[in-house]
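Inside the fold
For reference, the chains in residue letters:
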Amino acid sequence: MTDVRIRGYHAHVYFDAGSLEQARVLCESAAARFAVKMGRLHQKAVGPHPDWSCQLAFRAELFGEVIPWLMLNRGELVIFIHPITGNDLIDHRDRALWMGAVRPLDLSGLADGRPLTFEL
(Lines give C-alpha, C1' and ligand atoms only; values in the text may rest on other atoms or scores of the structure.)
Protein backbone atom coordinates (compact mmCIF):
# COMPACT_ATOMS: atom_id res chain seq x y z
CA MET A 1 0.00 0.00 0.00
CA THR A 2 1.03 3.56 -0.62
CA ASP A 3 0.61 6.78 1.33
CA VAL A 4 0.26 8.82 -1.86
CA ARG A 5 -2.52 11.41 -1.74
CA ILE A 6 -4.54 12.42 -4.80
CA ARG A 7 -4.87 16.23 -4.73
CA GLY A 8 -6.98 16.47 -7.87
CA TYR A 9 -7.38 15.28 -11.44
CA HIS A 10 -6.78 16.41 -14.98
CA ALA A 11 -9.12 15.27 -17.74
CA HIS A 12 -7.61 15.96 -21.16
CA VAL A 13 -10.23 16.10 -23.89
CA TYR A 14 -8.69 15.16 -27.24
CA PHE A 15 -10.05 16.52 -30.51
CA ASP A 16 -9.15 17.44 -34.08
CA ALA A 17 -10.34 20.02 -36.59
CA GLY A 18 -13.57 18.12 -37.18
CA SER A 19 -14.43 17.78 -33.49
CA LEU A 20 -13.12 21.15 -32.22
CA GLU A 21 -16.59 22.61 -31.68
CA GLN A 22 -17.81 19.48 -29.90
CA ALA A 23 -14.79 19.65 -27.57
CA ARG A 24 -15.35 23.35 -26.93
CA VAL A 25 -19.00 22.77 -25.98
CA LEU A 26 -18.11 19.82 -23.74
CA CYS A 27 -15.33 21.67 -21.92
CA GLU A 28 -17.27 24.91 -21.51
CA SER A 29 -20.29 22.96 -20.26
CA ALA A 30 -18.15 21.09 -17.72
CA ALA A 31 -16.63 24.36 -16.50
CA ALA A 32 -20.07 25.96 -16.15
CA ARG A 33 -21.61 22.95 -14.39
CA PHE A 34 -18.79 22.01 -11.98
CA ALA A 35 -15.93 23.70 -10.13
CA VAL A 36 -13.62 22.78 -13.02
CA LYS A 37 -10.80 24.92 -14.42
CA MET A 38 -10.85 24.81 -18.19
CA GLY A 39 -7.55 25.26 -19.97
CA ARG A 40 -7.01 26.47 -23.51
CA LEU A 41 -8.17 24.55 -26.56
CA HIS A 42 -4.72 23.63 -27.90
CA GLN A 43 -4.83 23.15 -31.65
CA LYS A 44 -1.49 21.34 -31.59
CA ALA A 45 0.10 18.56 -29.56
CA VAL A 46 1.18 19.91 -26.15
CA GLY A 47 3.33 18.16 -23.55
CA PRO A 48 2.86 14.39 -23.53
CA HIS A 49 -0.42 14.58 -25.44
CA PRO A 50 -0.37 13.31 -29.05
CA ASP A 51 -3.49 15.18 -30.18
CA TRP A 52 -5.05 18.58 -29.87
CA SER A 53 -6.48 18.85 -26.36
CA CYS A 54 -8.18 20.86 -23.67
CA GLN A 55 -7.43 20.28 -20.00
CA LEU A 56 -10.10 20.20 -17.31
CA ALA A 57 -8.63 20.39 -13.79
CA PHE A 58 -10.68 19.59 -10.71
CA ARG A 59 -10.41 18.68 -7.05
CA ALA A 60 -10.35 15.02 -6.00
CA GLU A 61 -13.73 15.21 -4.26
CA LEU A 62 -15.42 16.09 -7.57
CA PHE A 63 -14.33 12.86 -9.31
CA GLY A 64 -17.67 11.12 -8.63
CA GLU A 65 -19.60 13.94 -10.29
CA VAL A 66 -17.32 15.03 -13.14
CA ILE A 67 -16.23 11.65 -14.50
CA PRO A 68 -19.74 10.13 -14.88
CA TRP A 69 -20.90 13.36 -16.53
CA LEU A 70 -17.99 13.20 -18.99
CA MET A 71 -18.80 9.52 -19.68
CA LEU A 72 -22.36 10.40 -20.64
CA ASN A 73 -21.56 13.54 -22.61
CA ARG A 74 -18.25 12.95 -24.42
CA GLY A 75 -19.79 11.50 -27.56
CA GLU A 76 -16.93 10.17 -29.70
CA LEU A 77 -14.26 12.34 -28.04
CA VAL A 78 -11.33 10.59 -26.37
CA ILE A 79 -10.61 11.70 -22.81
CA PHE A 80 -7.42 10.93 -20.87
CA ILE A 81 -7.77 11.25 -17.07
CA HIS A 82 -4.95 11.16 -14.53
CA PRO A 83 -4.57 11.98 -10.84
CA ILE A 84 -2.36 14.74 -9.50
CA THR A 85 -0.11 13.29 -6.80
CA GLY A 86 3.17 15.10 -7.41
CA ASN A 87 4.73 12.36 -9.55
CA ASP A 88 3.76 13.25 -13.10
CA LEU A 89 5.45 10.32 -14.81
CA ILE A 90 3.70 7.71 -12.67
CA ASP A 91 0.41 9.63 -12.75
CA HIS A 92 0.43 9.73 -16.58
CA ARG A 93 1.91 6.27 -17.15
CA ASP A 94 0.56 4.02 -14.38
CA ARG A 95 -2.47 5.68 -12.81
CA ALA A 96 -4.39 6.95 -15.83
CA LEU A 97 -7.88 6.20 -17.13
CA TRP A 98 -9.07 6.42 -20.72
CA MET A 99 -12.49 7.10 -22.20
CA GLY A 100 -12.35 5.93 -25.78
CA ALA A 101 -9.27 4.82 -27.68
CA VAL A 102 -5.96 4.70 -25.83
CA ARG A 103 -3.52 7.10 -27.49
CA PRO A 104 0.29 6.96 -27.28
CA LEU A 105 1.71 9.55 -24.89
CA ASP A 106 5.20 11.04 -25.16
CA LEU A 107 6.40 10.59 -21.58
CA SER A 108 10.01 11.56 -22.31
CA GLY A 109 9.55 15.03 -20.78
CA LEU A 110 8.10 13.74 -17.51
CA ALA A 111 10.57 12.91 -14.75
CA ASP A 112 9.70 10.99 -11.57
CA GLY A 113 8.70 13.40 -8.85
CA ARG A 114 8.71 16.51 -11.07
CA PRO A 115 5.30 18.18 -11.10
CA LEU A 116 3.92 19.82 -14.21
CA THR A 117 3.48 23.57 -14.11
CA PHE A 118 -0.33 23.56 -14.04
CA GLU A 119 -1.71 23.45 -10.50
CA LEU A 120 -5.24 23.48 -9.14
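In case you missed it, the structure is sitting above this.
The notes below deal with the structure included here. As the structure is a computational prediction, the values presented were derived from the model and not from experiment. (Residues numbered from 1 in each chain as written. Predicted model: local features only at pLDDT ≥ 70, side-chain atom pairs only at ≥ 80, totals over all residues. Heavy atoms only, no water.)

**Concerning the packing of aromatic side chains**
- One pass over the full model with this rule turns up six aromatic pairs.
- Ring plane angle 25° and centroid distance 5.8 Å describe the contact between Tyr-9 and Phe-58, whose orientation is recorded as stacked. Placement of the pair is Tyr-9 in strand S1 (residues 8–15) and Phe-58 in strand S3 (residues 52–59), with a sequence separation of 49 residues. Note on accessibility: Tyr-9 and Phe-58 belong to one class, buried.
- Geometrically, the ring pair formed by Phe-80 and Trp-98 is tilted, given 4.6 Å between the ring centres and 45° between the ring planes. In this pair, Phe-80 sits in strand S4 (residues 78–84) while Trp-98 sits in strand S5 (residues 97–99), placing the two residues 18 residues apart along the sequence.
- For Phe-80, a relative accessible area of 0% translates into the label buried.
- Under the relative-accessibility criterion, Trp-98 is labelled partly exposed at 24%.
- An aromatic cluster of at least three residues, connected via ring pairs, comprises Tyr-9, Phe-58 and Phe-63. (Phe/Tyr/Trp six-rings, centres within 6.5 Å; stacked < 30°, edge-to-face > 60°. Helix = DSSP H or I, 4+ residues; strand = E, 2+ residues; numbered from the N terminus. Buried < 20%, exposed > 50% of the residue type's maximum accessible area, 1.4 Å probe, protein only.)

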